[in-house]
Amino acid sequence: MLQSSATNMNDLTSKLESSQNKIAELETFRQSLVSEVAVKESENKDILQKMRHVEQDLQMTARQCEDEIRLLKTQHSMEMEQLRMTQARLKQETEMLETKLRATNTQLELQMQENTSLRSTISTQSSNCLALESDNRALKMKIERTENTVTQCESSIQSLKQQLSESQLACQDLEQRIRNEETIRRRLHNTIQELKGNIRVFCRVRPATTAENASRAETMTALIKYPDQEGRDIEFAHAKESATGIQIEKSYPFTFDKVFQTTSTQDDVFEEISQLVQSALDGYNVCIFAYGQTGSGKTYTMEGPLSATPETTGMIPRSVLQIYENAKALESKGWVYTMEGQYVEIYNETINDLLGNDGLDTNKKHEIRHGPNGKTTITDITTAVLTSPEKVAAILKKAAHNRSVGSTQMNERSSRSHCVFTLRLSGKNSITEEASEGVLNLIDLAGSERLSQSGATGDRLKETQAINKSLSCLGDVIYAISNKDPHIPYRNSKNSLGGNSKTLMFVNISPLMSNFNETLCSLRFATKVNSCTIGTATKRAVKS
Ligand SMILES: Nc1ncnc2c1ncn2[C@@H]1O[C@H](COP(=O)(O)OP(=O)(O)OP(=O)(O)O)[C@@H](O)[C@H]1O
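Residues numbered from 1 in each chain as written. Predicted model: local features only at pLDDT ≥ 70, side-chain atom pairs only at ≥ 80, totals over all residues.

## So, the overall build of the protein
Now for step 1: From N to C terminus, the protein includes 10 helices and 14 strands.
Now for step 2: When burial is assessed residue by residue, the protein has 27% of its 544 residues classed as buried.
Now for step 3: Long-range contacts, defined as pairs at least 24 residues apart, comprise 71% of the intrachain contacts of the protein with a sequence gap of at least 6. (Helix = DSSP H or I, 4+ residues; strand = E, 2+ residues; numbered from the N terminus. Buried ≥ 20, exposed ≤ 12 C-beta atoms within 10 Å, placed from the backbone. Contact = placed C-beta atoms within 7 Å.)

## What to know about helix α10 (residues 516–530)
Now for step 1: Compared with the 21 Å implied by 1.5 Å per residue over 15 residues, the 21 Å span of α10 between its first and last C-alpha is a close match.
Now for step 2: Considered for burial, the residues of α10 that qualify are Phe 516, Glu 518, Thr 519, Ser 522, Leu 523, Phe 525, Ala 526, Val 529 and Asn 530. (Expected span 1.5 Å × (residues − 1).)

## Quick notes on the UniProt feature "binding site: ATP" (unreviewed entry) in the protein
Now for step 1: UniProt annotation of "binding site: ATP" (unreviewed entry) refers to Gly 292, Gln 293, Thr 294, Gly 295, Ser 296, Gly 297, Lys 298 and Thr 299 when read in the numbering used here.
Now for step 2: Residue placement: Lys 298 occurs in helix α5 (residues 298–302).
Now for step 3: Given 28 C-beta atoms within a 10 Å radius, Lys 298 is considered buried.
Now for step 4: Not counting residues up to four positions away in its chain, the partners in contact with Lys 298 are Ala 290, Gly 292, Asp 444, Leu 445 and Asn 508.
Now for step 5: On the secondary structure map, Thr 299 appears in helix α5. (UniProt positions renumbered as here; feature names shortened; annotations may be inferred.)

## What to know about helix α7 (residues 389–402)
Now for step 1: When the terminal C-alpha atoms of α7 are compared, their 20 Å separation across 14 residues agrees well with the 20 Å that a helix rising 1.5 Å per residue should span.
Now for step 2: The inward-facing, buried residues of α7 abut α6 (315–330) and β7 (335–347).

## Focus on the pairing of strand β1 (residues 199–205)
Now for step 1: Extensive coverage of β1 is indicated by the burial of seven of its seven residues.
Now for step 2: The alternating pattern of β1 places Ile 199, Val 201, Cys 203 and Val 205 and Arg 200, Phe 202 and Arg 204 on opposite faces, both of which are buried.
Now for step 3: As judged from the three bridges shared by β1 and strand β5 (residues 258–260), these two strands associate in the parallel manner. Bridging from a neighbouring strand, Phe 202 pairs with Lys 258 of β5. (Pairing = 2+ DSSP bridges.)

## Quick notes on the nonpolar core
Now for step 1: Val 201, Cys 203, Ala 280, Ile 288, Met 505, Val 507 and Ala 526 are the most contacted members of the largest nonpolar core, which has 62 residues in total.
Now for step 2: Counting residues per element, this core draws most heavily on strand β6 (residues 285–291), which supplies six residues.
Now for step 3: With residues near it in sequence (within four places) discarded, Val 507 still touches Val 201, Cys 203, Tyr 291, Gly 292, Ser 522, Leu 523 and Ala 526. (Core = buried A, V, L, I, M, F, W, Y, C linked by C-beta atoms within 7 Å.)

## Some thoughts on the packing of helix α4 (residues 266–281) against α6
Now for step 1: Where α4 contacts α6, the two axes come as close as 10 Å, and the packing angle between them is 50°. Classed by the angle they form, the pair α4 and α6 counts as oblique. The handedness of the crossing between α4 and α6 is right-handed. Only Met 315, Arg 318, Ser 319, Gln 322, Ile 323, Asn 326 and Ala 327 of α6 make contact with α4, whose side of the interface consists of Val 269, Phe 270, Ile 273, Ser 274, Val 277, Gln 278, Ala 280 and Leu 281.
Now for step 2: Residues of the contact of α4 with α6, tallied by class, amount to nine nonpolar, five polar and one charged. (Axes fitted to C-alpha atoms, helices over the stretch in contact; angles between N-to-C directions. Parallel < 35°, antiparallel > 145°, perpendicular 65-115°, else oblique. Left-handed = near helix turned anticlockwise from the far one by under 90°. Nonpolar A, V, L, I, M, F, W, Y, C, P; charged D, E, K, R; others polar.)

## Describing the packing of α6 against α7
When two helices pack together, their arrangement is captured by the angle between the axes and the distance separating the axes.
Now for step 1: Where α6 meets α7, the closest approach of the two axes is 10 Å, and the angle between their N-to-C directions is 160°. Considering their axes alone, α6 and α7 lie roughly antiparallel with respect to each other. As for how α6 packs across α7, the hand of that crossing is right-handed. For the pair α6 and α7, the contacting residues are Ile 316, Pro 317, Val 320, Leu 321 and Tyr 324 in the first and Pro 389, Val 392 and Leu 396 in the second.
Now for step 2: The residue makeup of the contact of α6 with α7, split by class, is eight nonpolar, no polar and no charged.

## Structural notes on the pairing of strand β8 (residues 350–353)
Now for step 1: In this structure, β7 lies alongside β8, joined through four bridges in antiparallel fashion. For Glu 345, the partnering residue across the bridge sits in β8 and is Asn 352.
Now for step 2: Between β7 and the antiparallel strand that follows it, β8, lie two residues; Asn 348 among them carries a positive phi value of about 55°.

## Quick notes on the environment of Thr 209
Now for step 1: The topology assignment puts Thr 209 in the loop between β1 and α2 (210–214).
Now for step 2: Owing to 15 C-beta atoms within 10 Å, Thr 209 belongs among the partly exposed residues under this scheme.

## A word on the environment of Lys 250
Now for step 1: With respect to the helices and strands, the residue Lys 250 is situated in strand β4 (residues 245–255).
Now for step 2: Ignoring any residue separated from it by four or fewer positions in sequence, one finds Lys 250 in contact with Ala 237 and His 238.

## Focus on unusual backbone geometry
Now for step 1: The backbone phi angle of Glu 433 is positive, close to 60°, even though this residue is not glycine.
Now for step 2: Structurally, Glu 433 is set in the loop between β12 (418–429) and β13 (435–444).

## Considering the confidence of the model for the protein
Now for step 1: When pLDDT is averaged along the protein, the result is 81, and 77% of the positions lie at 70 or above.
Now for step 2: Element-level mean pLDDT values for the protein span from 48 in helix α8 (residues 451–454) up to 95 in β5.
Now for step 3: Contacts for the low-pLDDT stretch residues 404–414, under 50 throughout, to residues beyond four places or in other chains number 28 contacts.
Now for step 4: Across residues 486–496, where pLDDT falls below 50, the model places 29 contacts with residues more than four positions away in sequence or in other chains.
Now for step 5: Predicted complex metrics record ipTM = 0.98 and pTM = 0.61. (pLDDT = per-residue confidence, 0-100.)

Structure, rendered in structure tokens:
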């Protein structure tokens, strides 16, 4: 055991010795390290010293750099601003230039187009020029020829002037002859009118109205025939429609101076009366009146329908216009006319002034006066001097407005009054020293229907009785004149006729079967009137 401990001791001693050696080595190494650390520390100090220097340098450099950078940045931003401004200016300039370029391009295109058209114009013009040059040559030749003709013409003008002065003398001579012939024409025209007889009768059949055509009962028109070519005959037949067809029960033939069928126009009718109207200008008393039952077309014939057109206007406006135009035309032959118009309504045997200012003044009394010179006048009545066609139209309008229009079962727009339009014409011829005084009476009579037919009662019955009385007086006057009765009952009726009138009666008839009996009465009365010869109308003697 001791042995082992000694061994261990040895071991430990050797170990201690090696450890001490190692410690010595380590001490040596530590000392070398300390010296080395000292060296390093001094180096480190140097380095730190250097680093501080470097740091200071760096800081200085950094500051300098920052200053430089700031400066550069300022410079840069200024340069950038300048650059932006330059860029904007450049952009603007570019845009302007582009716009200019576009305009220039358009102009260029236009110029090119113009150029092309100018080129073609130039080529056309040059070919035209060639043609003109040749025309010019031809014209020059023509001018030469014309100059020759002008010389010839001048000499013929001279001879024509000579002829003209001879013709003017002949013309004056012819004008004098025309004036003489106008006097002869008047005389001949009136002789013809006189030869035709004083009371002439024209029959007019009105067409069925639209309302009548629409109603079945009214559509039944009577059978009317116009057998002759001259338009003077009318045959009125009572017809019955049965299974075997239309059977004529009885036929009634009549003859008048003229028969106007349903298709006749206002123009056709006026053509036939215009000559008679002319007589008033030549100094005659002309009387045209329309007779017939209510709704037979008297007002249509004399005045025209309510809203008349130039085609449908009636005999009164047409006559006045014709007289006005003829009087104007006669001015060149030395005639100067004054025309005065009166328009009255005879209602219930009372005369009303249709041209009065404040509508119808029914309280104002008017009387008919027959003067010793054959002139018939009405007291206190408005007289309109007609100086223009407009004045004529205005008085006709005023009269239509004032006219009293009533209604019966027969016709809605039934007129229960007689209407008398009087036109007095005084003419003087300063060349021939002739003078004339004529009167034109245009009368739209009240409906002639019999009492039983009209269905009138009360005031209407009184009106119808007055109408019938005045119309029967009209018949009395006509018969008395035709029988050369010394007592002519003029004063029986306010609308009596003068024996020195050239008279025309329209008998207006309805085409309806329902009016058959009334139509027959009218046609029979008209036949009696037509058979009257009441002597020759005389021109009013006027001292010039
Ligand atoms: N020739 C014609 N052509 C067309 N229509 C007509 C004709 N004649 C008359 N008429 C029409 O027949 C109707 C009756 O005519 P109008 O009023 O002229 O009758 P009238 O005899 O004057 O009646 P009244 O006695 O009541 O005055 C009206 O509607 C009118 O327009």
